[in-house]
Amino acid sequence: MKQQDYFIECLKDITIPPEWEHESYFNDAYPSFGFNGYQIWVAHKDPKQRDDGGAGWPRFAITLLKEYGCGEGWTHQTDSFDEVLQEIQKPISDRPEED
């Protein structure tokens, strides 16, 4: 499956808020969006279709947008889209930063 088709599959069952900005790069494993200084990653609904091969990682991950590509730093993971929507309302200044 082409990456673009895979990204569409990842987003099929949720509605991305219109104020979120698309942040995905061609080499990313999952589609991502930026909002309020956060980067929100959306994995496939079916764990067996995820890059980790169904290893049990949660579907959604939130990182700090400015830390993209650093590999470490603050991360929040969940299987709840409602929880994602709540977490990204908190100021990023409340989150620890990568040194």
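This text goes with the structure placed above it.
From a predicted model like this one, the values you see are computed outputs, not experimental measurements. (Residues numbered from 1 in each chain as written. Predicted model: local features only at pLDDT ≥ 70, side-chain atom pairs only at ≥ 80, totals over all residues. Heavy atoms only, no water.)

A. Seen up close, the overall build of the protein. Counting its secondary structure elements, the protein contains 2 helices and 5 strands. What you see in the protein, going N to C, is helices and strands ordered as α-β-β-β-β-β-α. Taking 2.2 N^0.38 as the reference for a compact globule, 99 residues should give roughly 13 Å; the C-alpha atoms of the protein span a radius of gyration of 13 Å, in line with that estimate. Oriented by its inertia axes, the alpha-carbon framework of the protein measures out at about 40 × 30 × 25 Å. (Helix = DSSP H or I, 4+ residues; strand = E, 2+ residues; numbered from the N terminus. Rg over C-alpha atoms; globule rule 2.2 N^0.38 Å.)

B. Structural detail: the sheet that holds strand S5 (residues 75–78). One open sheet holds the 5 strands; their spatial order is S1-S2-S3-S4-S5, and the pairing between them is antiparallel. Edge positions in the sheet fall to strand S1 (21–22) and S5, since each of these pairs with one other strand and no more. Summarising the sheet, S1 and strand S2 (residues 32–35) pair through 2 bridges and their orientation is antiparallel. What sits directly across from His22, in S2, is Phe33. (Pairing = 2+ DSSP bridges.)

C. Representation of the packing of aromatic side chains within the structure. Scanning all chains against the criterion turns up 6 aromatic pairs. One aromatic cluster is present, built from ring pairs that chain together Trp20, Phe33, Phe60 and Phe81. (Phe/Tyr/Trp six-rings, centres within 6.5 Å; stacked < 30°, edge-to-face > 60°.)

D. Broad picture of a nonpolar patch on the surface. Residues Tyr25, Phe26 and Tyr68 make up a contiguous nonpolar surface patch of roughly 380 Å² in combined accessible area. Relative to the elements of secondary structure, Phe26 occurs in the loop between S1 and S2. (Patch = residues over 30% accessible without salt bridge, like charges linked within 9 Å, V, L, I, M, F, W, Y side chains within 5 Å. Areas by Shrake-Rupley, 256 points an atom, 1.4 Å probe, with all protein chains shown as cover. Salt bridge = Lys/Arg side-chain N within 4 Å of Asp/Glu carboxyl O.)

E. Expanded view of the layout of surface pockets. In this structure, the largest pocket spans a volume of roughly 610 Å³. Mapped onto the lining of the largest pocket, the elements with two or more residues apiece are strand S3 (38–42), strand S4 (60–64) and S5. The biggest single contributor to the lining of the largest pocket is S4, with 4 residues. Of the residues contributing to the lining of the largest pocket, the split by class is 13 nonpolar, 7 polar and 7 charged. (1 Å grid on protein atoms, 1.4 Å probe; cavity = no way out; pocket = protein on both sides within 12 Å on 5 of 7 lines; lining within 4 Å. Points joined across faces, edges and corners; volume = space filled by probe spheres on them. Nonpolar A, V, L, I, M, F, W, Y, C, P; charged D, E, K, R; others polar.)

F. Inspection of the environment of Gly71 at higher detail. Take Gly71: it is sitting in the loop between S4 and S5. As a C-alpha pair, Gly71 and Gln89 span 18 residues in sequence and 23 Å in three-dimensional space.

G. Molecular detail of helix H1 (residues 3–11). Among all positions in H1, only Tyr6, Phe7, Cys10 and Leu11 are buried. The buried residues of H1 all sit within an arc of 135 degrees when viewed along its axis, so they share a single face. Residues of H1 that are buried sit in contact with S2 and S3. (Buried < 20%, exposed > 50% of the residue type's maximum accessible area, 1.4 Å probe, protein only. Arc of directions from axis to C-beta. Contact = heavy atoms within 4.5 Å.)

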